[in-house]
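# Observations on the model geometry
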Amino acid sequence: MSFIHLEQVSKFFSNSLQPAVDALDLKIEQGEIITLLGPSGCGKTTTLRMIAGFEQPSMGKISIGDQVVYDDHRSLPPEKRGIGMVFQDYALFPHLTIEKNVMFGLNKWKTKDRKLRAIEVLELVGLADYASRYPSELSGGQQQRVALARALAPRPHVVLMDEPFSNLDAGLREKMRFDVTNILRKANTTAIIVTHDQKDAFAVSDRVVVMKDGVIQQVASPREMYRCPKNCFVAQFVGKTNLLTGKLEKDMKHVTTTIGTVCLPNQTTEICETVKLSIRPEGCEIVAEGTGNYCGKVERVTYSGEYQELYINFQSNSSSDPMVIYAPIDQEIEIGSVVSFNIKSDLVCVVE
Ligand code: ATP
């Protein structure tokens, strides 16, 4: 049995005919770190708030551990669900020291135990030496670790985090992704994190749940989701890709497209004449002129620092978007030149 189970959970707000969350089914195992990922308004926060008990579903059932926390309008209050919450703005009390902020969630514990537990979790997040400071005397990353310590202090079954990295600058964000994952693993806590940032989601999660318009599009590990996105939306949301439509050949292994014939990986494909392909830019490898299976004219080059992005136009395909492929940074490539390339079939995927 799964640790957290959402069964056909829907949420209608009174001001809209469209559900904010639509018949969501999701199983989460104990100790897993799961991310709800999707564009603004897709229903991530509403899902998180229904699990926390701050929002009531219109339909469906939610279980956490061995407790049914919501079913048929019977709802367990948030404080009885064994949940620790980390809010986007951390919501620390400015007038309390770090230690007192952490102790705040332990008001039912004995005073001696509260203090010991606060020190224990501050040690876990690496801030035991900061116990007597106030939140304003800490950096953004440190404040976030305090918020996580406070959420973990009562030993919750699950920690919920809403956009935990959005207030941090790029450098700190990378460090905090690592720190937060480490702390959650050490605490052996199940966690559900909401983000609209694919990099955050991929860096911290065991599995990612991509949502659109209140509906789950795919649940998969970051690697699987990147390599085998289920549909065009997921393929584009989790990274750059080229979407091509083509005709599936009778051997079921090749697809004829406007840029040429593309070889499929060992993927089971439904028998249908027209298929859509997602081809990742790094799946295209530039080779010596005239030796590749595909060639096109370079329309634009942008430098990312780690590689160059080449936007390639094909004569046969001039009305479509250019195809984007990556080239090593040291390769001299001129706009207007013709490049020859091959496509690695393991970065090609048939999508819905
Ligand atoms: P964001 O990343 O912008 O926070 P989200 O994916 O978390 O977006 P939600 O906040 O869950 O999305 O919102 C889903 C939909 O429900 C949106 O259309 C939103 O306008 C609507 N919604 C959310 N809360 C309410 C509310 N209290 N009353 C009415 N509509 C709401």
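Predicted model, so just to flag it, every value in this text is computed and none were measured.

## Considerations on the nonpolar core
Most often, soluble globular proteins have nonpolar side chains that are buried together. Val-102, Leu-148, Ala-149, Val-159, Leu-160, Ile-192 and Val-209 are the most contacted members of the largest nonpolar core, which has 67 residues in total. Leu-148 has contacts with Val-86, Val-125, Val-180 and Ile-183, leaving out every residue within four places of it along the chain. Counting residues in hydrophobic clusters, the runner-up holds 21 residues, among them Leu-244, Ile-259, Val-298 and Ile-343.

## Here we look at the domain arrangement of the protein
As far as domains go, the protein holds domain 1 (4–232) and domain 2 (240–351). Contacts between domain 1 and domain 2 engage six residues on the former and five residues on the latter. Of the residues belonging to the side of domain 1 that touches domain 2, the class tally is three nonpolar, one polar and two charged.

## What to know about the packing of helix α4 (residues 140–152) against helix α5 (residues 170–187)
Axis separation between α4 and α5 bottoms out at 11 Å; the angle between their running directions is 20°. Considering their axes alone, α4 and α5 lie roughly parallel with respect to each other. When you trace α4 past α5, the crossing you get is right-handed. For the pair α4 and α5, contact is made by Gly-140, Gly-141, Gln-144, Arg-145, Leu-148 and Leu-152 and by Leu-172, Lys-175, Met-176, Asp-179, Val-180, Ile-183 and Ala-187, respectively.

## So, the sheet that holds strand β21 (residues 348–351)
A sheet is described by the order of its strands in space; here five strands give the open sequence β14-β13-β12-β15-β21, paired in antiparallel fashion. In this open sheet, the two strands that pair with only one neighbour each are β14 (260–263) and β21. Averaged over all adjacent pairs, the angle separating strand axes in this sheet is 45°, with direction ignored. For strand β12 (residues 242–248) and strand β13 (residues 254–257), the ladder comprises two bridges, and the chain directions are antiparallel. Residue pairing across strands places Leu-248 opposite Val-255, the latter belonging to β13.

Cut-offs applied
Residues numbered from 1 in each chain as written. Predicted model: local features only at pLDDT ≥ 70, side-chain atom pairs only at ≥ 80, totals over all residues. Core = buried A, V, L, I, M, F, W, Y, C linked by C-beta atoms within 7 Å. Buried ≥ 20, exposed ≤ 12 C-beta atoms within 10 Å, placed from the backbone. Contact = placed C-beta atoms within 7 Å. Domains from an automatic or database assignment. Nonpolar A, V, L, I, M, F, W, Y, C, P; charged D, E, K, R; others polar. Axes fitted to C-alpha atoms, helices over the stretch in contact; angles between N-to-C directions. Helix = DSSP H or I, 4+ residues; strand = E, 2+ residues; numbered from the N terminus. Parallel < 35°, antiparallel > 145°, perpendicular 65-115°, else oblique. Left-handed = near helix turned anticlockwise from the far one by under 90°. Pairing = 2+ DSSP bridges.

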